[in-house]
Amino acid sequence: MTVAGLLCDSHHRQRAQVLGGLSMEALLVHPKVIGLAGLGECKVAACYLDRVSRKDPYCRAHLNRLRRARTEPVFDEARWRWTDKAICTTREVSLRGLPDRLVAEVLYGLWARVQQGYKTRPECLRPLYDRLRAHRTRTLETVTDPAGAGFSREQVMMIRAAQTALRRLNTTPEAERLKDVWDMTVFGHPGFCLSPASFKSPFGRP
């Protein structure tokens, strides 16, 4: 299907070549126009478009990308399927191709960000999720050095904020009090502070 034409290739050809370019209104009620079985989804993990033929397992846009990608000196089509980006349409952001746990983590991180009053544009989220997909990230816990992994400054801030929100989600006051530095958010207060046990007297005793 094309975004502009609103028709799959088969119906587009039928409209143009068989029915003489009928208007959309006339096409939809023409007796020769019937529903056709889908060919299945594009095999690129992030993509939500349909493939365009039984022979090729990709949508039209990814077929074009594939032709360009195959000219690279080293090309792994299986990896390309898992890591290539979705086709951008309007303001959509694709989470396809990300592990279920990671999807839950980034959605919770986004929710926490919104709760704090921050606005996040799709054009900021899309490259973040694309890079997580390209790195085959399983969980945000494993992203220990996002700047070193090539994430932008804004993406690093979003990852760190999501990691903090997830850590606080799984922390209780009972567990937090055992640490040397307390996250006071867990106790309902802002900021951080040293635990009483971390203070040492000048005489070597707490």
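Residues numbered from 1 in each chain as written. Predicted model: local features only at pLDDT ≥ 70, side-chain atom pairs only at ≥ 80, totals over all residues. Heavy atoms only, no water.

Quick word on the overall build of the chain
Note the threshold: Strands are runs of DSSP state E lasting at least two residues, helices are runs of H or I lasting at least four, and both sets are numbered from the N terminus onward. In this setup the radius of gyration rests on C-alpha atoms only. A globule is expected at 2.2 Å times the number of residues raised to 0.38. Burial here depends on accessible area, computed with a 1.4 Å probe over protein chains only, as a share of the maximum for the residue type. Under 20% is buried, over 50% is exposed, and the range in between is partly exposed. Contact definition: two residues touch when any of their heavy atoms are within 4.5 Å. Using the Shrake-Rupley algorithm and a 1.4 Å probe, accessible areas are obtained, with residue cover drawn only from the displayed protein chains. In this tally, Asp and Glu contribute negative charge and Lys and Arg positive charge; neither His nor the terminal groups of the chain are included. To locate a charge, take atom NZ for lysine, CZ for arginine, CG for aspartate or CD for glutamate.
The helix and strand inventory of the chain stands at 8 helices and 2 strands. Shown N-terminal to C-terminal, the secondary structure of the chain runs as helices and strands in the order α-α-α-α-α-α-α-α-β-β. Taken over C-alpha atoms, the radius of gyration comes to 25 Å for the chain, far larger than the 17 Å a tight globule of 206 residues would show. Looking at the chain as a whole, 32% of its 206 residues are labelled buried. Considering only contacts in the chain between residues 6 or more positions apart, those separated by 24 or more positions represent 40%. Summing over all exposed atoms, the chain offers an accessible surface of approximately 13,900 Å²; the carbon and sulfur share of this is 56%. Charged side chains in the chain number 34 positive and 21 negative. The centres of these two groups are separated by 2 Å.

So, the side chain of D84
Operational definition: Polar contacts, as used here, are pairs of N or O atoms within 3.5 Å; protein pairs need one atom able to donate a hydrogen and one able to accept it. Residues neighboring in sequence count only if both atoms are side-chain atoms.
Mapped onto the elements of the fold, D84 is located in the loop between α4 (77–83) and α5 (100–115). For D84, a relative accessible area of 15% gives the class buried. Polar contacts involving the side chain of D84 include one to the side chain of H62, which spans 3.2 Å. At a separation of 3.0 Å, a polar atom in the side chain of D84 contacts the side chain of R65. If near-sequence neighbours (up to four positions away) are discounted, D84 is found in contact with V44, A46, H62, R65 and R133.

Quick word on the packing of α5 against helix α6 (residues 122–134)
Note the threshold: Axes here mean lines fitted to C-alpha atoms, for a helix over just the part in contact, with angles spanning 0 to 180 degrees between N-to-C directions. The cut-offs work like this: below 35 degrees is roughly parallel, past 145 is roughly antiparallel, 65 to 115 is roughly perpendicular, and the gaps in between are oblique. Throughout, a crossing is termed right-handed when the near helix is turned clockwise from the far one, and left-handed when it is turned anticlockwise from it by less than a right angle. In this classification, the charged set is Asp, Glu, Lys and Arg, the nonpolar set is Ala, Val, Leu, Ile, Met, Phe, Trp, Tyr, Cys and Pro, and all remaining amino acids, among them Gly, are polar.
Two elements in contact, α5 and α6, have axes separated by 12 Å at closest approach and are oriented at 155 degrees. Classified by the angle their axes make, α5 and α6 are roughly antiparallel. When you trace α5 past α6, the crossing you get is right-handed. Every residue of α6 that contacts α5 at L102, V106 and L110 is listed here: L125, Y129 and L132. For the contact of α5 with α6, the residue count by class is 6 nonpolar, no polar and no charged.

Remarks on the packing of aromatic side chains
Describing an aromatic ring pair means giving the distance of the ring centres and the angle of the ring planes. Counted only if it meets this: Two rings from Phe, Tyr or Trp (for Trp, the six-membered ring) form a pair when their centres sit within 6.5 Å of each other. Planes less than 30 degrees apart are called stacked, planes more than 60 degrees apart edge-to-face, and all others tilted.
For the structure on display, the rule yields 3 aromatic pairs. An aromatic cluster is built from Y58, F75 and W80, whose rings are joined through pairwise contacts.

Describing the confidence of the model for the chain
In plain terms, the rule: Scored between 0 and 100, pLDDT is the confidence that the predictor attaches to each residue.
Averaged over every residue, the pLDDT of the chain is 84; the share at 70 or more is 91%. Mean pLDDT values over the elements of the chain span from 71, in helix α8 (residues 173–176), up to 94, in α5.

Quick look at unusual backbone geometry
We note that R136 has phi near 55 degrees; this positive angle belongs to a residue other than glycine. By the secondary structure assignment, R136 is in the loop between α6 and α7 (153–169).

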